[in-house]
Amino acid sequence: MEQKRLGYGWMRLPLTNPDDRSSVDIERAKRLADEFLAHGFSYFDTAYIYHNGQSERILRECVVERYPRERFTVATKMPMLNLKKPEDQVRIYEDQKKQLGVDFFDYYLLHNLNSSCYDRALELGTIDYLREKKKKGEIRHLGFSFHDTAAYLDKILTENPDFEFVQLQINYLDWDSTGVQSRLCYETARRHGKWVVVMEPCKGGTLAQVPPAAEQLLREAHPDWSPASWAIRFAAGLPDVQMVLSGMSDEEQLSDNMSFMEDFVSLTEEEEKLLFRVRDILQESIAIPCTGCRYCVEGDRCPQNIAIPNYFSLYNVEQLDTNPSWSSQEEYYKNLLKQNYGRAGDCIECHQCEEICPQHIDVTGWLKKVSERFDEGIGEWRPWR
């Protein structure tokens, strides 16, 4: 039976404490997984670093320990930024088997194989190490996730023709982006005969809540289609796309996605043209193209403990809102400071965040703008300690 093309991204699970990424609501996550599996979907995508390193263990508790192995497929990733010496990959790989409680991985990826990480993989012999695991049957399909240029993707696939698939950021907003290069990377993967897994089809929720003018266009065409469903349909309808991942955080998102992916039908040519009209509206509205992946802050990456994705989200909301409530966004900002996060203006420009950012955002430059918007607005106010 052909695998249904909606995958569950295990990185935006429901939380009991919205300020603690490791505080996953386990019982609710179980119910979401149960519903997903009950409708015939089976693909779960996790990673060593998701949910502050808890995602793999939670997937074991919610799915692996509760269902026969043939009912689900698991995709996880080698965290390239965590590798300093060859021993690290051995330790992490074995940790992942224990955390997930599996004897084999259906899909295993090198995580974010950009130029610096690819050099590290070659230096440490990571690709050869994983090839051996595949020969032993511990990995069924070997691939990598990628956030870099199409030219560099071509280099990797030319030098490593045995990679079976690539996980790419593909959505209609980034389709012709010079930074993300969705279309060019997708075409490169196809030219090398690789199948594609899509991540960020809704760009971290950006395409799930579009400006009123854009939503009106979509509703006029299909009143019962959500903006998110348009975005996922676009990605899922591309040739050689085998799976589209969605980080579903609640029951409503899960139900909506399953409703049209259970018996999937691709967009028509006219519907795709409409989406690109919507893209033009969005490009005029979105200030910072942040997806909220949190790579910039995971593992204490920011030495100033600045809540970068949270601040960017507040800034974008303020820019998009047609009836802005300045005090509302300011209060959210203050609430984060009360939790001992650094101000946007506390940035020391170490650029560690930019080295890992999949969207290639000028993080330090935007933090200055966020600081102008919020720090200057609240003056000398500091949280009581």
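Note that the coordinates shown come from a computational prediction; the quantities given were computed from them, not determined experimentally. (Residues numbered from 1 in each chain as written. Predicted model: local features only at pLDDT ≥ 70, side-chain atom pairs only at ≥ 80, totals over all residues. Heavy atoms only, no water.)

Engineer: How would you explain the sheet that holds strand β1 (residues 6-9) if you had to name every residue and give the values?
Structural biologist: The strand order β1-β2-β3-β4-β5-β6-β7-β8 describes a closed barrel built from 8 strands, whose pairing is parallel. In this sheet, neighbouring strand axes are inclined to one another by 30° on average, regardless of whether the strands run parallel or antiparallel. As paired elements, strand β6 (residues 165-169) and strand β7 (residues 195-199) share 5 bridges and run parallel to each other. Looking across to β7, one finds that Val166 is bridged to Val196. (Pairing = 2+ DSSP bridges. Helix = DSSP H or I, 4+ residues; strand = E, 2+ residues; numbered from the N terminus. Axes fitted to C-alpha atoms, helices over the stretch in contact; angles between N-to-C directions.)

Engineer: Which residues make up the environment of Arg131, and what values do they have?
Structural biologist: Here Arg131 lies in helix α6 (residues 126-135). Along the chain, Arg131 and Tyr172 lie 41 residues apart, while their C-alpha atoms are 34 Å from each other. Leave out the neighbours within four places in its chain, and Arg131 touches Leu142, Asn160 and Asp162. In terms of polar contacts, Arg131 uses its side chain to reach the side chain of Asp162, at 2.6 Å. (Contact = heavy atoms within 4.5 Å. Polar contact = N/O pair within 3.5 Å; in protein donor to acceptor, adjacent residues only side chain to side chain.)

Engineer: Requested: an account of the environment of Ser246, with residues and values cited.
Structural biologist: Relative to the helices and strands, Ser246 resides in strand β8 (residues 241-246). Leave out the neighbours within four places in its chain, and Ser246 touches Leu6, Gly7, Tyr8, Gly9, Ile232 and Asn257.

Engineer: An account of the packing of helix α9 (residues 212-221) against helix α12 (residues 269-285) is requested, with residue identities and associated values reported.
Structural biologist: When two helices pack together, you describe them by how their axes are tilted relative to each other and by the distance separating the axes. Closest axis-to-axis distance for the α9/α12 pair is 9 Å, and the angle between their directions is 165°. In terms of orientation, α9 and α12 fall into the roughly antiparallel class. The chirality of how α9 crosses α12 is left-handed. Counted together, Ala213, Ala214, Leu217, Leu218 and Ala221 of α9 and Leu274, Leu275, Arg277, Val278 and Ile281 of α12 form the full contact between these two elements. The residue makeup of the contact of α9 with α12, split by class, is 9 nonpolar, no polar and 1 charged. (Parallel < 35°, antiparallel > 145°, perpendicular 65-115°, else oblique. Left-handed = near helix turned anticlockwise from the far one by under 90°. Nonpolar A, V, L, I, M, F, W, Y, C, P; charged D, E, K, R; others polar.)

Engineer: Please give an account of the nonpolar core that cites residues and values.
Structural biologist: Residues Phe44, Leu110, Phe144, Leu168 and Tyr172 are the most contacted members of the largest nonpolar core, which totals 91 residues. Contact partners of Tyr172, with chain neighbours within four places excluded, come to Leu207, Val210, Ala231, Phe234, Leu275, Phe276, Val278, Arg279 and Leu282. With 24 residues, the next largest nonpolar core counts Ile306, Ile308, Leu314 and Tyr341 among its residues. (Core = buried A, V, L, I, M, F, W, Y, C linked by side-chain atoms within 4.5 Å. Buried < 20%, exposed > 50% of the residue type's maximum accessible area, 1.4 Å probe, protein only.)

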